[in-house]
Amino acid sequence: MDMVELGRRIREERKRQFLKQGDLSGDEFSKGYISLIEKGKISPSLKALNFIAQKLNKPVVYFLDEDYVEKEELKKELSKYKNILEKFLNAQRAFDSKNYEETIKLYLDILKNAIDEYSSNLINFYLAKSYFVIKDYPKVLEILDKISSYFEKNSFNEIMVEIYYMKGLSLGNLQKFQSSLENYLKALDGFEKYSLKNTELKSRILFSIANLYSKIGEFIKARDYYIKCLEYSTQIKAVDFIALSNNGLGLVNYELKQYNDALKHIRRAILISKTLNLKEDIANEYNYLGFVYTDLKKYDIAEKYFFKSYSLYKDLGMKVGMAYNLTEIGKIYYFREDYEKALEYLNESLEIVKEINEEEEMGRIYTILGNLHLKQGQFELSEKELLKSVEILKYLGLKKDLSEAYKGLGNLYIALNNTEEAKKYFNQSIELLYENLA
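Residues numbered from 1 in each chain as written. Predicted model: local features only at pLDDT ≥ 70, side-chain atom pairs only at ≥ 80, totals over all residues. Heavy atoms only, no water.

Turning our attention to the pattern of salt bridges. Under the defined criterion, the tally for this structure stands at 27 salt bridges. With a shortest N-O distance of 2.5 Å, Glu-355 and Lys-319 are connected by a salt bridge. Of this pair, Glu-355 sits in helix α19 (residues 339-356) while Lys-319 sits in helix α18 (residues 319-335); the two residues are 36 residues apart in sequence, bridging distant segments of the chain. Overall, Lys-319 belongs to the partly exposed group, its relative accessible area being 37%. Residues joined in a network through salt bridges with shared partners are Lys-215, Glu-360, Glu-361, Arg-364 and Asp-401. (Salt bridge = Lys/Arg side-chain N within 4 Å of Asp/Glu carboxyl O. Helix = DSSP H or I, 4+ residues; strand = E, 2+ residues; numbered from the N terminus. Buried < 20%, exposed > 50% of the residue type's maximum accessible area, 1.4 Å probe, protein only.)

Shown next, in the form of structure tokens:
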């Protein structure tokens, strides 16, 4: 290294540390000597260079090796990314071990580093998947909204399909059904457009679309997508989705009053779910059998299946499922005209859904309560409950359930001799039923 470059390095490092030339000279050398070195007029002795290096808290090689700074920065960068890689691998292992709290902590630690744009977005994607598994859907949406544009702009097609799927499921669980459906359809379109290889993901998307159409009461569309899911899952031998599709077809056939087909599909689903020991699915299938036998007015059989479903959901700690069963048992006692027993189960279910803010089931319960209190001649209370039901179900866009609430209001206003109001609500109920079957 020439004297000029050496002097420049010493001067720049001194200034960076806010030191004066006198701070470097100490008692050993004069300020003039340091000045000449910095101007490149003279070359320092090894003793002088060692003295200056110590004052600046740097190794001598820092001033002699032209690439030293670059090498040190590279070493630091490599060390940083080695540390990040170790944390990333540990996060993946924690995720596989279902230690999601540790997974999230490690990903957040990584994001505290100044990493490149791609790495930052990718880590956020994995972070969103972790929140997705623990069902923190608002957090999932917050992260995905932040990173979507990057992956879309850079044509990361498979990641975008997963993003749309996670958005769809998150929005659906937050009861924003229209936005949920839009994202599911984007996910399916992307999967087919780019011929992706993740076959299980396609089964999930098809099943989720079918489920959502069923939830909002569009049963013909729901049936079409359950059939697509069943055919595709059979083709790729995805046994769990074969069971889920049969179960979904059972529910749709029940809603369409095709009870023999409903029982056939649900029993097929139960057979597979029991073979695979899928307890949550079995609980769901027992629940659907209860629906069918309730419609067939075989209340003892229906009640038996609802209690079997309730017991499984209770063992799994799933309050939503427990509430659904309690509501249906309450309905059975309502049909038997045992209103006291019906109220007991309905109020127990209502208490659970209020605790977990499950608005969908809350709307259904208020409809049943409204009809029950109408039967008891408590018209004011009945009207209050039915209007509350309409408010919730209309907001959620649940057409079939909303139709039932309108029908209840029609019956109420007939009892109150208000034929105009009754006609209005009956017409609204019929219109929604027609939409469901269109």
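Among the structural elements, Thr-419 can be located in helix α23 (residues 419-437). Each C-alpha atom, one on Thr-419 and one on Tyr-164, is 48 Å from the other, the two residues being 255 residues apart in sequence.

Positive phi, close to 65°, is recorded for Lys-135, a residue that is not glycine. Located in the positive-phi region is Ser-155, a residue other than glycine, with phi close to 55°.

This part is about the nonpolar core. Ranked by size, the top nonpolar core spans 120 residues in total, and within it Phe-151, Ile-163, Tyr-165, Ile-205, Ile-209 and Leu-289 carry the most contacts. For this core, the two domains that each supply at least three residues are domain 2 (78-197) and domain 3 (358-437). Not counting residues within four places of it along the chain, the set of residues in contact with Phe-151 comprises Asn-121, Leu-122, Phe-125, Phe-156, Ile-159, Met-160 and Ile-163. By size, the runner-up hydrophobic cluster in this structure holds 8 residues, among which are Leu-6, Ile-37, Leu-49 and Leu-56. (Core = buried A, V, L, I, M, F, W, Y, C linked by side-chain atoms within 4.5 Å. Domains from an automatic or database assignment. Contact = heavy atoms within 4.5 Å.)

Cross-referencing UniProt, the feature "repeat: TPR" (unreviewed entry) maps to residues 283-316, 323-356 and 403-436 in the present numbering. As annotated, residues 283-316 comprises 91% helix and 0% strand, and the C-alpha atoms at either end are separated by 10 Å. Within the segment residues 323-356, helix and strand shares are 91% and 0% respectively, and the terminal C-alpha atoms sit 10 Å apart. (UniProt positions renumbered as here; feature names shortened; annotations may be inferred.)

Let us now look at the packing of aromatic side chains. Tallied over the entire structure, the rule returns 31 aromatic pairs. Put simply, the rings of Phe-88, Tyr-107, Tyr-118, Phe-125, Tyr-126, Tyr-150, Phe-151 and Phe-156 touch in pairs and so form one group of aromatic residues. The lysine or arginine in question, Lys-228, covers the ring of Tyr-225, its NZ or CZ lying 4.4 Å from the ring centre. The cationic tip of Lys-304 hangs over the ring face of Tyr-305; the distance from NZ or CZ to the ring centre is 4.8 Å. (Phe/Tyr/Trp six-rings, centres within 6.5 Å; stacked < 30°, edge-to-face > 60°. Lys NZ or Arg CZ within 6 Å of the ring centre and 35° of its normal.)

Running from N to C, helix α12 (residues 199-215) and helix α14 (residues 239-255) point in directions that differ by 15°, and their axes come no closer than 11 Å. Overall, the two elements α12 and α14 adopt an arrangement that is roughly parallel. α12 and α14 meet at a crossing whose hand is left-handed. Where α12 approaches α14, its residues Glu-200, Ser-203, Arg-204, Phe-207 and Ser-214 are matched on the opposing element by Phe-241, Leu-244, Ser-245, Leu-251 and Val-252. In the contact of α12 with α14, the residues fall into 5 nonpolar, 3 polar and 2 charged. (Axes fitted to C-alpha atoms, helices over the stretch in contact; angles between N-to-C directions. Parallel < 35°, antiparallel > 145°, perpendicular 65-115°, else oblique. Left-handed = near helix turned anticlockwise from the far one by under 90°. Nonpolar A, V, L, I, M, F, W, Y, C, P; charged D, E, K, R; others polar.)

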